[in-house]
Amino acid sequence: MFNRERTRRHMTDGAFASPFPVEDPVALAALEVAQSGLAAAVRALADATVRTRVAAPDLAAVAEQVETLTARLLAEAQEGPLGLETDSAGRLRDHGNAMVGMRNPIAPPLVVTGDESGSTSCALTLGAGYEGPPGYVHGGIVAAVLDQVLGSVPAHLGLPGMTAYLNTTYRRPTPLGAPLHCRGWVERVDGWKVHARGEIRDAQDLVTAEAEALFVVPRWAREHLDRPTGDAAGTAPGGEAAQEPSAS
Ligand SMILES: CCCCC/C=C\C/C=C\C/C=C\C/C=C\CCCC(=O)SCCNC(=O)CCNC(=O)[C@H](O)C(C)(C)COP(=O)(O)OP(=O)(O)OC[C@H]1O[C@@H](n2cnc3c(N)ncnc32)[C@H](O)[C@@H]1OP(=O)(O)O
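Given the structure is predicted, the values throughout are model-derived calculations rather than measurements. (Residues numbered from 1 in each chain as written. Predicted model: local features only at pLDDT ≥ 70, side-chain atom pairs only at ≥ 80, totals over all residues. Heavy atoms only, no water.)

Draft legend 1. Molecular detail of the nonpolar core. Counting 35 residues, the largest nonpolar core has Leu110, Leu124, Leu126, Val145 and Leu146 as its most contacted members. Breaking this core down by element, the ones donating at least two residues are β4 (120–124), α3 (139–156), β6 (180–190), β7 (193–201) and β8 (207–216). Sort the elements by how many residues they give to this core and α3 lands first, with six residues. Counting contributing residues per domain, this core is built from domain 1 (1–109) and domain 2 (112–248), each supplying no fewer than three. If we skip the residues at most four places from it in the chain, leucine 124 touches Leu110, Val145, Ala178, Pro179, Leu180, His181 and Cys182. (Core = buried A, V, L, I, M, F, W, Y, C linked by side-chain atoms within 4.5 Å. Buried < 20%, exposed > 50% of the residue type's maximum accessible area, 1.4 Å probe, protein only. Helix = DSSP H or I, 4+ residues; strand = E, 2+ residues; numbered from the N terminus. Domains from an automatic or database assignment. Contact = heavy atoms within 4.5 Å.)

This is how it looks when you write it as structure tokens:
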């Protein structure tokens, strides 16, 4: 059903071919442009909502307008979450994902790149809506970024897994409104289990947070994927070979 493909694209960037054909890719592509445009506009609205200093009457008027717009969107909406959908390029996409989802205004959205060795990378800047300690990124958001970027490691190996654990160490506060860089890499592949590590660095190249995580291909998904071959990232199932990141 799901063919593993050696590709630079992350699952959320369509690293997996969809088994479901798209009827009208041109119309779907136009819809995707509109969907991502709406998400970007609402993302900007959320940021403005946090930072605005306009007076109460203006706030009330804007709230009323937003409620009208919300009702307009809900006129035709699905009940639950998006899950995986086929995009106009015939790839599986998780457009609702909270970190990378193209249709999700809550997502920064992260753009995670990677290669078949399992190394992943993401440049990001987080705005006022992600605040925890004054001026700094919320610790849960820091962990979510690491979860996503490290979680893309097994996806690039063709072993998309769920997070079994994510141990995050906060070295120093992660600044808001400044460029950050998150990287992930393979520590060890053990059958259906992928051990990954990663870090976030600030604009001064200082590590603000690091994590080690285990991702497991769920039992229910294994029948849809190739058996682990052990060649991913130069490791064998149960093997010890580690992939250290190259300096950047
Ligand atoms: C159909 C193809 C596509 C399917 C894709 C499916 C999922 C992939 C989804 C997305 C991938 C793409 C990109 C990912 C990007 C970002 C990442 C975000 C990820 C998340 O945001 S995800 C949400 C938070 N996450 C959860 O919501 C997990 C809840 N949990 C479970 O769903 C189960 O718990 C699960 C699946 C983890 C295991 O369950 P299971 O039944 O499949 O397998 P089982 O329990 O037998 O464990 C098998 C082996 O893992 C060892 N093991 C398990 N857990 C361990 C632990 N904690 N510590 C140490 N070892 C552990 C066992 O000891 C055994 O080891 P051994 O084989 O050596 O005996």
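Having seen it, we continue.
Draft legend 2. Representation of the pattern of salt bridges within the structure. As enumerated under the stated definition, the model contains eight salt bridges in all. Among the ionic pairs, glutamate 199 bridges to arginine 183, the shortest N-O distance being 2.9 Å. Of this pair, glutamate 199 sits in strand β7 while arginine 183 sits in strand β6, placing them 16 residues apart in sequence. Salt-bridge contacts for arginine 201 lead to glutamate 199; the nearest nitrogen and oxygen are separated by 2.7 Å. Where salt bridges share partners, they join Arg183, Glu199, Arg201 and Asp205 into one cluster. (Salt bridge = Lys/Arg side-chain N within 4 Å of Asp/Glu carboxyl O.)

Draft legend 3. Up close: the site of the ligand. Near the ligand there are 21 residues, and of these Asp147, Gln148, Thr163, Lys193 and Arg219 occur at the shortest range. Lysine 193 is positioned with one of its side-chain polar atoms (N or O) 2.7 Å from an oxygen atom of the ligand. Relative to its free-state accessible area of 1400 Å², the ligand is covered by the protein chains to the extent of 60%. Of all the secondary-structure elements, those providing two or more residues to the shell around the ligand are α3, β5 (162–170), β8 and α4 (219–222). Partitioned by chemical class, the residues of the shell around the ligand number 11 nonpolar, six polar and four charged. (Near = heavy atom within 4 Å. Polar contact = N/O pair within 3.5 Å; in protein donor to acceptor, adjacent residues only side chain to side chain. Areas by Shrake-Rupley, 256 points an atom, 1.4 Å probe, with all protein chains shown as cover. Nonpolar A, V, L, I, M, F, W, Y, C, P; charged D, E, K, R; others polar.)

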